[in-house]
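Results of the structural survey
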Protein chains: 2
Amino acid sequence: MLSGVEHDVPDGIGMARLAWTRLPTADGERAGPSTSAGADGELLSAAAIESLDYEVIENYAYREEQAQRSKFWVPYYVMLKWLFSLLIGVGTGLAAIFINLAVENFSGWKYTVTFAIIKHSYFVGFFVYTVFNLALVFSSVYIVTNFAPAAAGSGIPEIKGYLNGVDTHGILLFRTLVGKIFGSIGSVGGGLALGKEGPLVHTGACIASLLGQGGSAKYHLSSRWVRIFESDRDRRDLVTCGCAAGVAAAFRAPVGGVLFALEEVTSWWRSHLMWRVFFTSAVVAVVVRSAMNWCNSGKCGHFGAGGFIIWDISGGQEDYSYQELFPMAIIGVIGGLLGALFNQLTLYITKWRRTYLHKKGKRVQIFEACLISLVTSTISFVLPLLRKCSPCPQLDTNSGIECPHPPGTDGNFVNFYCSKDGEYNDLATIFFNTQDDAIRNLFSAKTFHEYSAQSLITFLVMFYSLAVVTFGIAVPAGQFVPGIMIGSTYGRLVGMFVVKFYKKLNIEEGTYALLGAASFLGGSMRMTVSLCVIMVEITNNLKLLPLIMLVLLVSKAVGDFFNEGLYEEQARLRGIPLLDSRPKQVMRNMKARDACKNQKVVCLPRVSRVVDIIFVLRTNKHNGFPVVDRGQNGESLVIGLILRSHLLVPLQAKVDFQNSPFPCGPGVLNRHNFSDFVKPASSKGKSIDDIHLTEDELGLYLDLAPFLNPSPYIVPEDMSLAKVYNLFRQLGLRHIFVVPRPSRVVGLITRKDLLLEEDSNNDVMAELQSTSVRSLLNGKMLGGNVHLERPLLDNLVIE
Amino acid sequence: MLSGVEHDVPDGIGMARLAWTRLPTADGERAGPSTSAGADGELLSAAAIESLDYEVIENYAYREEQAQRSKFWVPYYVMLKWLFSLLIGVGTGLAAIFINLAVENFSGWKYTVTFAIIKHSYFVGFFVYTVFNLALVFSSVYIVTNFAPAAAGSGIPEIKGYLNGVDTHGILLFRTLVGKIFGSIGSVGGGLALGKEGPLVHTGACIASLLGQGGSAKYHLSSRWVRIFESDRDRRDLVTCGCAAGVAAAFRAPVGGVLFALEEVTSWWRSHLMWRVFFTSAVVAVVVRSAMNWCNSGKCGHFGAGGFIIWDISGGQEDYSYQELFPMAIIGVIGGLLGALFNQLTLYITKWRRTYLHKKGKRVQIFEACLISLVTSTISFVLPLLRKCSPCPQLDTNSGIECPHPPGTDGNFVNFYCSKDGEYNDLATIFFNTQDDAIRNLFSAKTFHEYSAQSLITFLVMFYSLAVVTFGIAVPAGQFVPGIMIGSTYGRLVGMFVVKFYKKLNIEEGTYALLGAASFLGGSMRMTVSLCVIMVEITNNLKLLPLIMLVLLVSKAVGDFFNEGLYEEQARLRGIPLLDSRPKQVMRNMKARDACKNQKVVCLPRVSRVVDIIFVLRTNKHNGFPVVDRGQNGESLVIGLILRSHLLVPLQAKVDFQNSPFPCGPGVLNRHNFSDFVKPASSKGKSIDDIHLTEDELGLYLDLAPFLNPSPYIVPEDMSLAKVYNLFRQLGLRHIFVVPRPSRVVGLITRKDLLLEEDSNNDVMAELQSTSVRSLLNGKMLGGNVHLERPLLDNLVIE
């Protein structure tokens, strides 16, 4: 569909050769208009292609349009691609800033007001705090349940599925975008045990998808000028950019975003895409940084206090000794165990929710969210109250840390329900605080023994339980920040013991908290490289890289022993059939035909009666049908694959119906617009029930040749299923034909046959071992045993 | 070959189903022992598989051996894989330290001695300096020409080719490793305009490959215990780890190493491999950091002065204004132009060298290298002499910079041929210095106007010319450091103008030098993400990421306008046929049969006479032959692909020869060792000329079935060549059969057919759009227009 584009264009999968092969009709006669045949005697067959996953039709009209505009088209297309990457970056960056701004200000205001009130009455303070949280959570759950149901949860499993090739209805709509943004402001601002990072990834993906389809058609916001990304592959590339932008915006980690998209999200990958994804991430970084610089002067209220690096611990632990590796490995084991437990518990709860609770309707979902908000508010307010305050330690005046820190600012040593001024409440420092500040406090260096083991354990148990229960309620929810909270708590706990145990080393508890956070995320999400880089980027400390990696290696290995990663579990639960990167063990002993032995293959003849087509479409749910025809000698030939969705287009248009059962000529596709065949993003597409035909029309014929994909990938029936799996997964296919063993080989394609321009300088090529047949033709017959009889070589050489 | 392994195992491509299909012989009779047939009536056919690129044979004996040892085998295999990754990391790290140690000490000693002598006589100093350089370069070129010819150059094009699927003879030998290490010490220590980074990548790859094959067989250093990586895929994974380790060691940039391997080197990639590559890189980081900590106390002579970050500019420019973006874009344009020019000039010179100069033998090569060494020494000594010294500027005492810096230490402001003590020679600061120090000086912050424009331009012109001429002489040579030198020179030049022009901004010339370096590397090597990350990691300044990216975007775009990247050009020149990630434009209009239309396909019958096989092998150079047989109805059937190298094994062993022209039974492969079929790394393998047969033997027959790959990938003859290209490239194939259109479809494989375990919970799956046929069989016939006639559905349903 984009032939002629030289630079960064969807490659051959998305391209079609337009070949109208002359195929005799079933009864041996030729039909169709006498258009001039090609040099090889071929005239008419098909003009359809297989896009990376979704097959897209290419037709004459479209090609001509292409050819006419190709001069301006190519630079326009390339420019637009980069422009869209830029826009995705800017959009996601702005969305992230907006969410951050809102959340920080809501939270900041909430805590300021609460702290002001509790000077007079703790009860009123608790009431205000609870009501404030409840209102925010209610707004979030109300938006999600009534307006954008697809905005619930983190969205990462669904996006993963989309990029793996599975559409989930509604995940990339405009309303989902809006619901996600405002919903996550409510849920995060409302103090629930969840984060805004996952939703930001989803937000980025939505922005990218909406840009790709030229805006939202439903709200009349779409523009024809930018609707050039009609292939699914282009759209998917954009969504990949959006994911990376989301991570980059959430953690201000551009490299981490690229690697996240690479490792976690996309099923296939090209280095050209990588560069564009990286560009998008960098744009996000620039936008977010500029906004934060602007906000630093206090123009954004409570937002903008921290720098670009979220939890900067670059001034932390400078070095580590080999003695510390053992406690660090222990952190990894704890992370693996707690992470796997988290996955398992959330799996059970989500199953229960899906089966019983959420079937009872929206009110139950709203009630559930509000209840959890009440419980969370109560725990986070009341538990610190029960905790005795500690006296402030002697602090280095150069460190810039105050104890207790002045009200209305962020920092360690929160004075909450303390009898004296020189005291602080260590549980309130982490519990009665915004999540970002709590993590900053846990990661902080030069604050030895700030937290008592008792407080940390209390917090760990309570927050872990809250996170498990909160996961899966009908609000936008990310698991990164809760995971960091949980992990850094036990990490800091281990750090405290290490400080006590190895007395003389230069150990920072904050470093252990960071490692704990990495270990929990590793044990739960099972990410590796991207998580590592994200942790490095959010803390701006490259030196900790090997330690983070050690911890991740251990926690992932421990977690893998028990169950799958969080996103995989959730995706499976939601019925998103993700394909692993590797085939299952059992496939090695199976053949291609074993995978489809229970199938009845429904073929369509090239020219079918409309009534037959309708019957076939109604009586099964197949999405692809082989089309067969008779060859010149009367033998049957498979001439291609037709998709249900493409078949519906001519059935609905009716203009292609014909009286005769003979093939039509070329040019028929001029009657259709290319865009008719493009499936709109995030919709279910056409259905057979939308088609209404009269009885006369049912008796007519339809030539399928113009609408089919003439060369789907094929495998012989006794190929190992594992090999088939690789073909399917690596090329991102939707359909593979399983065919009988071929009767002959027309040719062998090797590396040299695919290096077209190399023909000219064969002298250089000859240095290599030749794998091609060409050298034989060049006449280099080798000498040999002259007494060899002339063998039956002629029989061996076909063609 | 590794069935039963659950974790991180080569996937199905490397696996074979072992199916002995009963195929009647050519004359219709059945032959072979009456072994019990499978349920589906198949008995005997083949046991060969296609490894990722190289086809590997699997046989009964091997499988049984596997089954017996599988309990211990699986953990042993996994453990060994990680152990090898660790060893590669340690080995490459130690090699890098050794090279650095030697180079820094040789250079340091050279400059110390020279500076000591020139206090008395500049002439004697020049003489000593020149002779010292000459001796080092001579040792390097002597080692390379006489001992390890494959160690010349950077090695990256060859490694790229290896991972793309093209073996270059000798690049991964033990002698190449040794030659590379000692050769690069000589060439870098000898002050030539080249770097040690490319050679380090090659070194890492060699270490990995040697580990993978269990040591070097030639020098009796191999061990059977570790020779388990017999599949080419395993070896290639190890080499990928080695490449990443090389970059990580060269730049002390672990993340950059991973991305380099990902972007530049490997043709295919899996997320499991990524994690192992990352592990290797982290090990390198730990090893190098530990060694540098140890050296920091002065135990390593001149080495160890800098920290872990090579050119730390984290204390540099804090922020940038939007006004600066324009000069930065200009740097990008300059980088693109100079980089493309560099590629073009080196291409011409290399062509000339290959065609004329290096054909004249080793002596010419040695003479050439020595001549260039003399010229380099003369230029770098004499030019600074001609430059007038400048008076030292007023420096902040807190900055730690002294002017002139004391002799014997590294730093800015070198006093060379200056009349007064308070003066320095700006040209000598960059020219008469080690490369690392020169770059550090160019990148340095808070040294405004240290260099005059005249000096920078002189250096740029001279060094650029030297780099172009030096590229391609017979010593190990990297292009990273020269590229950084060239780029940072004009970068600093632009920076100087910016400082003059925008007076009040907080601009550091060193930042511009860094951007210049990035731009030149981007314009020459056309790397993107990995280069970006490497630049960030070597300077430890995350904040510059968006700027580096901007510069890279511009320079790559400008460079791409003129020619291909340096490594691609060099690979093409050396006859390494790299496959692009995208098919060529012209392929979109070609069909599969067009690629092989000039071929004569040479088929072998299943049971062939030995004399015929020998004739076929002698009279052409094909590496793969289709094997045909007769089906039950006498029709011809393609039963698989046999490789030349595999065919040579039974021909040489002779034990499989038989008197009868009928197929043999199973069990024949017990006579062969699996390892007989494995091609040794970096050797040319067996040749037909090694096989000597008597006339009696020539008259016997050989059944090829046990040795063939029963299901190579096939494509229909009218498939778009672009689609074929993608199949070939994505799956890393060596041979594809082009076959006629199939006559029928046995089945259709869709996503759901590949999700084997999902059968149980169909209720969830039903939520999705069904793409499988199974739902039809479950009996969900849809209602519809009841007045529809019963169509000819029976005709449509095959099987």
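All values derive from a computational prediction rather than experimental measurement. The numbers attached to residues start from 1 for each chain and follow its sequence in the written order. Numbering of ligands from 1 and lettering of chains from A proceed in the order in which they are written. Under the rules for a predicted model, residues below a pLDDT of 70 receive no local features and side-chain atom pairs below 80 are neither given nor counted, while totals for whole chains, interfaces and linings still include all residues. No hydrogens and no water enter the side-chain calculation; it runs on all heavy atoms of the structure.

**Here we look at the pairing of strand 9 (residues 636–643) of chain A**
On a regular strand, each side chain points to the face opposite its neighbour's, so the side chains alternate between the two faces of the sheet. Residues and elements named next belong to chain A. When a residue's accessible area, from a 1.4 Å probe over protein chains only, is under 20% of the maximum for its type it is buried; when over 50% it is exposed; and in between it is partly exposed. The numbering of helices and of strands both runs from the N terminus, where a helix is a DSSP run of H or I of at least 4 residues and a strand a run of E of at least 2. Burial runs high along strand 9: 7 of the 8 residues are buried. Relative to strand 9, strand 8 (residues 624–630) runs antiparallel, the two being bridged by 7 bridges. By the bridge assignment for strand 9, Asp629 is matched with Leu637. Whether two strands pair comes down to DSSP finding at least two bridges between them.

**Details of the UniProt feature "transmembrane region" (unreviewed entry) in chain A**
Residues and elements named next belong to chain A. UniProt positions are given in the numbering used here, feature names are shortened, and annotations may be inferred rather than shown by experiment. The UniProt feature table records "transmembrane region" (unreviewed entry) at residues 79–102, 122–144, 238–261, 273–292, 325–346 and 456–474. The span residues 238–261 is 92% helix and 0% strand, and its two end C-alpha atoms sit 11 Å from each other. The distance from the first to the last C-alpha atom of residues 273–292 is 29 Å, and the span holds 100% helix and 0% strand.

**Considering the state of the cysteines**
Residues and elements named next belong to chain A. The term disulfide is used for any two cysteine sulfur atoms that are within 2.5 Å. Taken as a whole and judged by the stated rule, the model has 2 disulfides over all chains. Across the disulfide, Cys389 is cross-linked to Cys418 (sulfur-sulfur distance 1.9 Å). The disulfide joining Cys389 to Cys418 has a torsion of about -85° about its S-S bond and is therefore left-handed. Separated by 29 residues along the polypeptide, Cys389 in the loop between helix 10 (362–386) and strand 3 (390–391) and Cys418 in the loop between strand 3 and strand 4 (423–424) bring together distant segments of the chain. By the burial criterion, Cys389 is buried, and Cys418 matches it. In this structure Cys241 is not part of a disulfide, and its nearest cysteine sulfur, from Cys243, lies 9.3 Å away.

**Comments concerning the environment of A:Phe657**
Residues and elements named next belong to chain A. Considering the arrangement of structural elements, one finds Phe657 in the loop between helix 21 (644–653) and helix 22 (695–698). Taking the relative accessible area as the measure of exposure, Phe657 reaches 13% and is therefore buried. The spacing of Phe657 and Tyr701 is 44 residues in sequence and 5.5 Å in space, taken between C-alpha atoms. When residues no more than four places from it in sequence are discounted, the contact partners of Phe657 are Val610, Pro650, Leu651, Leu693, Glu697, Leu700, Tyr701 and Leu702. We call two residues in contact when some of their heavy atoms are within 4.5 Å.

**Quick word on the environment of B:Ser380**
Residues and elements named next belong to chain B. Position of Ser380 relative to the elements: it lies in helix 10 (residues 362–386). Given a relative accessible area of 4%, Ser380 falls into the buried group. Here the alpha-carbon distance between Ser380 and Phe728, two residues 348 residues apart in the chain, equals 50 Å. Ignoring sequence-local partners within four residues, the contact set of Ser380 consists of Tyr129, Phe431 and Phe432.

**Some words on the domain arrangement of chain A**
All names here are of chain A. Domain annotation for chain A reports domain 1 (83–296), domain 2 (322–369 + 389–574) and domain 3 (585–754). When each unit is reduced to the centre of its C-alpha atoms, the spacing between domain 1 and domain 2 is 22 Å. Taken together, the contact between domain 1 and domain 2 spans 48 residues of the former and 41 residues of the latter. Buried surface area refers to the total accessible area, computed with a probe of radius 1.4 Å, that the two partners give up upon joining, counted for both partners together. Summed over both partners, the interface of domain 1 with domain 2 comes to about 3700 Å²; 68% of that surface belongs to carbon and sulfur atoms. Any carboxyl oxygen of Asp or Glu within 4 Å of a side-chain nitrogen of Lys or Arg constitutes a salt bridge here. For Glu158, the salt bridge is made with Arg574, and the minimal N-O distance between the two is 2.7 Å. Polar contact criterion, stated in full: a pair of N or O atoms within 3.5 Å, where within protein one must be able to donate a hydrogen and the other to accept it, and residues adjacent in sequence count only if both atoms are side-chain atoms. Taken together, the connections running from domain 1 to domain 2 amount to 12 residue pairs in polar contact (both at pLDDT 80 or more). Contributions of two or more residues to the side of domain 1 that touches domain 2 are made by helix 1 (60–118), helix 2 (122–146), helix 3 (156–164), helix 4 (174–189), helix 5 (197–212), helix 6 (232–251) and helix 7 (254–265). No other element matches helix 2, which puts 10 residues into the side of domain 1 that touches domain 2. Residues of the side of domain 1 that touches domain 2, tallied by class, amount to 26 nonpolar, 14 polar and 8 charged. Boundaries between domains were set according to an automatic or database domain assignment. Amino acid classes used here: Ala, Val, Leu, Ile, Met, Phe, Trp, Tyr, Cys and Pro are nonpolar; Asp, Glu, Lys and Arg are charged; the rest, including Gly, are polar.

**A closer look at the side chain of A:Gln570**
Residue and element names in this part refer to chain A. With respect to the element layout, Gln570 can be found in helix 18 (residues 566–573). Under the relative-accessibility criterion, Gln570 is labelled buried at 1%. For Gln570, the contacting residues outside a window of four places in its chain are Pro157, Thr346, Leu347, Thr350 and Phe471.

**With respect to the sheet that holds strand 12 (residues 736–739) of chain B**
The pairing of strands in a sheet comes from backbone hydrogen bonds and takes either a parallel or an antiparallel form. The 3 strands lie next to each other as 13(A)-12(B)-11(B), forming an open sheet whose pairing is mixed. Each end of this open sheet is capped by a strand with a single partner; those strands are strand 13 (747–749) of chain A together with strand 11 (714–716) of chain B. Going across the sheet, the axis of each strand differs from the next one's by a mean of 30°, ignoring polarity. Across 3 bridges, the pairing between strand 13 of chain A and strand 12 of chain B is antiparallel. Paired with A:Leu748 across the bridge in strand 12 of chain B is B:Phe737. Orientation is described by axes fitted as lines to C-alpha atoms, over the contacting stretch for helices, and by angles from 0 to 180 degrees between their N-to-C directions.

**Here we look at the sheet that holds strand 9 (residues 636–643) of chain B**
All names here are of chain B. Taken in spatial order, the 3 strands make up an open sheet running 6-8-9, and their pairing is mixed. In this open sheet, the two edge strands, each paired with only one partner strand, are strand 6 (604–605) and strand 9. The strands that helix 21 (residues 644–653) touches are strand 6, strand 8 (624–630) and strand 9; relative to strand 9, the one it contacts most, it runs at about 85°.

**Some remarks on the pattern of salt bridges**
Residues and elements named next belong to chain A. Scanning all chains against the criterion turns up 32 salt bridges over all chains. Note that Glu568 and Lys160 form a salt bridge whose closest N and O atoms lie 2.4 Å from each other. Of the two residues, Glu568 is situated in helix 18 and Lys160 in helix 3; the sequence distance between them amounts to 408 residues.

**Observations regarding helix 23 (residues 721–731) of chain B**
Residue and element names in this part refer to chain B. Buried residues dominate helix 23, accounting for 10 of its 11 residues. By the burial criterion, the buried members of helix 23 are Leu721, Ala722, Lys723, Val724, Tyr725, Asn726, Leu727, Phe728, Arg729 and Leu731. A side-chain oxygen of the first residue of helix 23 lies 3.1 Å from the backbone nitrogen of Ala722; this N-cap is Ser720. Looking at the residues trailing helix 23, positive phi occurs at Gly732, about 65°.

**What about the environment of B:Ile484?**
Residues and elements named next belong to chain B. Relative to the helices and strands, Ile484 resides in helix 14 (residues 480–501). Taking the C-alpha atoms as reference points, Ile484 and Phe520, 36 residues apart in sequence, are found 7.1 Å from one another. Apart from the residues lying within four places of it in its own chain, the contact partners of Ile484 are Trp311, Ile439, Phe443, Ala517, Leu521 and Ile538.

**Here we look at the packing of aromatic side chains**
Any pair of Phe, Tyr and Trp rings, taking the six-membered ring for Trp, is counted once the centres come within 6.5 Å. Such a pair is stacked with planes under 30 degrees apart, edge-to-face with planes over 60 apart, and tilted for the rest. Per the stated rule, a full pass over the model turns up 52 aromatic pairs over all chains. Between B:Phe251 and B:Phe480, the aromatic rings sit 4.8 Å apart at their centres with planes inclined by 70°, giving edge-to-face as the arrangement. Placement of B:Phe251 in helix 6 (residues 232–251) and of B:Phe480 in helix 14 is noted, with a sequence separation of 229 residues between them. With a relative accessible area of 2%, B:Phe251 lands in the buried category. Directly above the aromatic system of B:Tyr713 lies the positively charged group of A:Lys723, at a separation of 5.4 Å from the ring centroid. Ring-over charges, as used throughout, are those where CZ of Arg or NZ of Lys falls within 6 Å of the ring centre and within 35 degrees of the ring normal. Its end group placed over the ring of B:Tyr162, B:Arg236 keeps NZ or CZ at 5.4 Å from the ring centre.

**Focus on a nonpolar patch on the surface**
To count toward a patch, a residue needs a relative accessible area over 30% and no salt bridge; like charges are then connected within 9 Å, while nonpolar side chains (Val, Leu, Ile, Met, Phe, Trp, Tyr) are connected within 5 Å. Under the convention used here, a 1.4 Å probe and the Shrake-Rupley method define accessible areas, while residue burial counts only the protein chains that appear. A contiguous nonpolar surface patch, about 300 Å² in accessible area, is contributed by A:Met79, A:Leu83, A:Leu86 and A:Leu87. Positionally, A:Leu86 belongs in helix 1.

**A word on the pairing of strand 8 of chain B**
Residues and elements named next belong to chain B. Across the 7 residues that make up strand 8, a large majority, 6, are buried. Summarising the sheet, strand 6 and strand 8 pair through 2 bridges and their orientation is parallel. Residue pairing for strand 8: Pro605 is matched across the bridge by Val628. Hairpin connection between strand 8 and strand 9: a loop of 5 residues separates the two successive antiparallel strands, and Gly634 in this loop has a positive phi of roughly 85°.

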